Structure formats: C-alpha cells, structure tokens
Amino acid sequence: MAAPAAAASPPTLLEYMGQAGTADDLVVLVAHIQSACKRIAALAASPNNAELSRAEAGGGPVAAGRDAPKPLDELSNEIILSSLRRSGKVAVMASEENDLPIWVSSDGPYVVVTDPLDGSRNIEVSIPTGTIFGIYNRLVELDHLPEEERAQLNSLQSGTRLVASGYVLYSSATIFCISFGAGTHGFTLDQSTGEFVLTHPSIQIPPRGQIYSVNDARYFDWPEGLRKYIDTIRQGKGQHPKKYSARYVCSLVADFHRTLIYGGVAMNPRDHLRLVYEANPLSFLAEQAGGRGSDGKNRILSIQPVKLHQRLPLFLGSMEDMLELESYGDVQQKVNPGYEV
C-alpha cells in the first residue's frame, strides 16, 4: 500500500508573492523590507537593546509631531533606509524618525512610509514592539517639481492609494503581516530556515469581539460618549450581551495584532498616533481583513494628509464593534494634559 503523500509545505513570503502574481518590482521591494525586519528582530532580541532603549539619541530638536528618538529607533531607521536604497525600487522614504521625507532615487517606482520601531521604549522590559510600513506608487506626474516638493507630496498620498501595507511584530514569534489589496496574510519567521512562512492566510477579523484595548487610566479625560461606550460594553449592556474584557499592551502593533486575530477594538482616542505611517497602513490591513479604521468619526483611509507627522485619534477593530463605538458620537479626547507615559 502506497504511503500517503506528504502535505505541501506552506509557502514562504517570496513564494506567496510569486504565486499571487505580484509585480516583480514590488516583490524585490518587499524582499528587501523583510530582510531589514529580520535584522531589526535580531536587534530587538539583543542583550544590548535595553541600553539602547534607555539612551538618548544625538542631534538637535525634533520637528513638531515627532517623538524624541532613541538610538534604537535611529538604528532601525538606518537599517530600513539602507535596505530600501539597495532595492533600487524606492523613490522616497518618509519615516517617523526623519523631519522630512528622504528622496532616494528618481528611478524608483515606489514610495515607502514607515515607523521603523514602534514601541521601542518597551524593549527594556521585553514588551513586544513592531515595524509598520505602507507602499505607494510614485506620482510620476510630479516628476517635474523640485526634489524636496516631490518627496513631500509623494509622501502625503491618501490611504486609498496604498499599493500594500504591513507590520512586523517582534514578540515570542516574529510575524510579518501584509496586504497587497487582496486580503490580509500573516507570515511567521521560521528560525530554522530564516524564512517567513505563511501561517495566517486570509485573516478575517471577527465581526465582533469581546475585548477593548485602551489606556483607561485616562478615563476622566475622555469625553462623555467614550466613557459611556466603555461603561456600557464592560457591563454587558451594549449591542453584544456579554461583558467585555480589557487588554492593553501600550504597543500599537501588539494591540492591533491581537485585535486582528481575536476581534474587538483597539484605540487611542487622543491626537497621538500618526496618520501617514501608522494609521493609514494599519487601517488598510484592518479593512482588507473585514474590519474598520476610524478617527472616531471618519474612515481613516479617506482622510487627506496635510503634514508628514500629522496626528489624530485612532480606532481599529471589528466592524460591528467599530460601528457601535462610532454611534456614541463624542469619542475623540480633546483634553490632552501632556502625559509623561
């Protein structure tokens, strides 16, 4: 009797892109991004990361809208920039770590926006961190403009124009989650081969979850609508009859990843998270998984950026949870005392 055929191994990220018919230039670009993220994963797990996360970066003052960088942030930024340069496929990189977009190459067909290491201050206590990125086509109609203006306008494209977006979660496993506009897919780094392998194909966020994620130590700074929503769902008196639980890591990628898998809603109700390289890429992933990204009133992807480091409230999650949340109207926190943590 013949032995049963062995099950086919799941594809690697590069194999998946080949099978999906992804454009060759985009395959090359994503290959270089995954290479950079493997290096950042090793850096995040290094014995020296705590010292780097505590130290202050050099340089002068930072632009409005940016967080003060740490050496670990700047090193991650340099790793990504170096990989994008080597790819030969990028015209502009816009990063949380740079005041202005960087013009990389006039021949590059793509624009990359990124937060190279979100949550880096958590590394000292081994809390998960992540990289967030979005990819746009270069706007060739702007090629006649001066370089600085071209770089700025290419970086301020609406989220509806995203070609692809993704995040990499650095935690107990390193997970590369990406969408090319046809579903959201997760790949886990196989440490034995060094390859990202498909482990979460066609992720669908549950229509409703039972978890909310927010720093509710700020409860008394919230508007009445948000307080009422949270009070209602945690008492089991909302549209879903079960009581909700709170889960909050204070690491955007980690909180979003859990929400993507389990459902519910993850939020920061104050003007804190950045539209261009945090809210847009994650909202694209949420929508491709059947969820929603909102500022509490409007679809994130429909908001036209006007500044590179533009901040806004961000709510991400299951469609039914998001619509219930937005029905309370007043959910954006306008009181912002300037928290230290």
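Before going into details, it helps to say that this report is about the structure given with it. Just so it is clear, the model here is predicted, and its values are computed rather than measured.

The next subject is the overall build of the chain. Counting secondary structure elements, the chain contains 9 helices and 13 strands. Taken against the 2.2 N^0.38 rule, which gives 20 Å for 341 residues, the C-alpha radius of gyration of the chain at 20 Å falls within 12% of a compact globule. With the C-alpha coordinates aligned to their principal axes, the bounding extent of the chain is approximately 70 × 55 × 45 Å. The buried share of the chain, reckoned over its 341 residues, is 57%. Pairs at least 24 apart in sequence give 65% of the contacts found in the chain among residues at least 6 apart. Surface exposure of the chain reaches about 14,600 Å², of which carbon and sulfur atoms provide 51%.

Before going further, it helps to examine the packing of helix α1 (residues 13–20) against helix α2 (residues 24–44). Packing of α1 against α2 leaves a shortest axis separation of 10 Å and a crossing angle of 165°. Taken together, the axes of α1 and α2 lie roughly antiparallel to each other. Between α1 and α2 lies a crossing whose hand is right-handed. On α2, the residues that touch L13, L14 and M17 of α1 are V27, V30, A31 and Q34. Tallied by class, the residues present in the contact of α1 with α2 amount to 6 nonpolar, 1 polar and no charged.

With a phi close to 60°, S126 is a non-glycine residue in the positive phi region. Summarising the element assignment, S126 is placed in the loop between β3 (110–118) and β4 (129–137). The class for S126 is exposed, based on a relative accessible area of 68%. Positive phi outside glycine occurs at C250, with the angle close to 65°. Mapped onto the elements of the fold, C250 is located in the loop between β10 (245–246) and α7 (252–262).

Geometry of an aromatic ring pair is reported as the spacing of the ring centres plus the angle between the planes. Counted by the stated rule, this structure contains 7 aromatic pairs. Relative to F176, the ring of F133 has its centre 5.7 Å away and its plane inclined at 55°; by these criteria the two rings are tilted. Here F133 is found in strand β4, whereas its partner F176 is found in strand β6 (residues 174–179), with 43 residues between them in sequence. Taking relative accessible area as the criterion, F176 reaches 0% and is therefore assigned buried. On the numbers, 5.5 Å between centres and 55° between planes, the contact of Y219 with W222 is tilted. What links up through ring pairs into an aromatic cluster is the set F133, F176 and F196. Between the NZ or CZ atom of R150 and the centre of the ring of W103, over which it lies, the distance is 4.4 Å.

What counts and how
Residues numbered from 1 in each chain as written. Predicted model: local features only at pLDDT ≥ 70, side-chain atom pairs only at ≥ 80, totals over all residues. Heavy atoms only, no water. Helix = DSSP H or I, 4+ residues; strand = E, 2+ residues; numbered from the N terminus. Rg over C-alpha atoms; globule rule 2.2 N^0.38 Å. Buried < 20%, exposed > 50% of the residue type's maximum accessible area, 1.4 Å probe, protein only. Contact = heavy atoms within 4.5 Å. Areas by Shrake-Rupley, 256 points an atom, 1.4 Å probe, with all protein chains shown as cover. Axes fitted to C-alpha atoms, helices over the stretch in contact; angles between N-to-C directions. Parallel < 35°, antiparallel > 145°, perpendicular 65-115°, else oblique. Left-handed = near helix turned anticlockwise from the far one by under 90°. Nonpolar A, V, L, I, M, F, W, Y, C, P; charged D, E, K, R; others polar. Phe/Tyr/Trp six-rings, centres within 6.5 Å; stacked < 30°, edge-to-face > 60°. Lys NZ or Arg CZ within 6 Å of the ring centre and 35° of its normal.

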